[in-house]
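Descriptive structure summary
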Amino acid sequence: EPEVTQTPSHQVTQMGQEVILRCVPISNHLYFYWYRQILGQKVEFLVSFYNNEISEKSEIFDDQFSVERPDGSNFTLKIRSTKLEDSAMYFCASSESQGAEQFFGPGTRLTVL
Amino acid sequence: KNEVEQSPQNLTAQEGEFITINCSYSVGISALHWLQQHPGGGIVSLFMLSSGKKKHGRLIATINIQEKHSSLHITASHPRDSAVYICAVSGGGGADGLTFGKGTHLIIQP
């Protein structure tokens, strides 16, 4: 069964460093999403992406964040200069079409020291 | 902005019991999602519904659009059902980033 994959599963970085989180969505899906979950809190929407551009973003997704689909398979989230409060689990999701069921990856746990 | 509230926050029950988890939201939506999150953190989609009722195995989800309320039921609960169950909504107007509730932590004891 096709699934969304994410790498790495755990990333530890120093404050101020850049990180790139990688996702491989399900191959025939066209809509891609990033969410985050700070430990003990609810999942929060960051950004959605379609046709090589951002279609929607939340207030959390400020200039420190960027997304890219560098090739036909990967979808990346870059945090330019990490802060302690960026420590969270980051989930990638994909869907076939707008408003369709979203399928989630296993998440990347980001720890900023 | 949609507010998604779930109840109860925590629920402990005995194996075999009928379980109900409730979700309410404040603003009209295009769809409501029920998700399951296991201790390892992974999120699995259980249902997406915009009206009526859906059933998958021992799980049943219902939604009342007029009342802005949904319920997730588990029949004949089993310890393997222990997980966090999350309600999330997607809005109208083309916005499909999900707004999540805080989740219900369910423990089924043998």
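A brief structural summary. Computed from a predicted model, the values in this text were never measured in an experiment.

Below, the discussion takes up the environment of A:Arg109. Residues and elements named next belong to chain A. Structurally, the position occupied by Arg109 is in strand β11 (residues 108-112). For Arg109, a relative accessible area of 34% puts it in the partly exposed group. Spatially, the C-alpha atom of Arg109 lies 24 Å from that of Ser27, the residues being 82 residues apart in sequence. Excluding anything up to four places from it in sequence, Arg109 contacts Ser9, His10, Gln11, Leu39, Ala88 and Met89.

What follows is about the interface of chain B and chain A. With 17 residues of chain B at the interface, the matching set in chain A holds 18 residues. Between chain B and chain A, the buried area comes to about 1500 Å², and carbon and sulfur atoms account for 55% of it. When the buried area of chain B at its contact with chain A is split by residue, B:Ile43, B:Asp96 and B:Phe100 rank highest and sum to 38% of it. The tally of links between chain B and chain A comes to zero salt bridges. Those elements giving two or more residues to the side of chain B that touches chain A turn out to be β4 (29-37) and β5 (43-49) of chain B. Among the residues forming the side of chain B that touches chain A, the class breakdown is six nonpolar, nine polar and two charged.

What counts as what
Here, residues in each chain are numbered from 1, in the same order as that chain's written sequence. Both sets of labels track the order of writing: A upward for chains, 1 upward for ligands. In view of the model being predicted, local features appear only for residues whose pLDDT reaches at least 70, and side-chain atom pairs are presented and counted only at 80 or more, with totals across whole chains, interfaces and linings using the full set of residues. Excluded from the side-chain calculations are hydrogens and water; all other atoms, namely the structure's heavy atoms, are used. To qualify as a helix, a DSSP run of H or I must reach at least 4 residues; to qualify as a strand, a run of E must reach at least 2; elements of each kind are numbered from the N terminus. Throughout this description, buried means an accessible area under 20% of the type-specific maximum (1.4 Å probe, protein chains only), exposed means over 50%, and partly exposed covers the range between. Pairs of residues are marked as contacts when any of their non-hydrogen atoms sit within 4.5 Å. Computed with a 1.4 Å rolling probe, the buried area is the accessible surface lost when two parts are put together, summed over both parts. For this document, the term salt bridge refers to a Lys or Arg side-chain nitrogen within 4 Å of an Asp or Glu carboxyl oxygen. Amino acids are sorted into nonpolar (Ala, Val, Leu, Ile, Met, Phe, Trp, Tyr, Cys and Pro), charged (Asp, Glu, Lys and Arg) and polar (every other residue, Gly among them).

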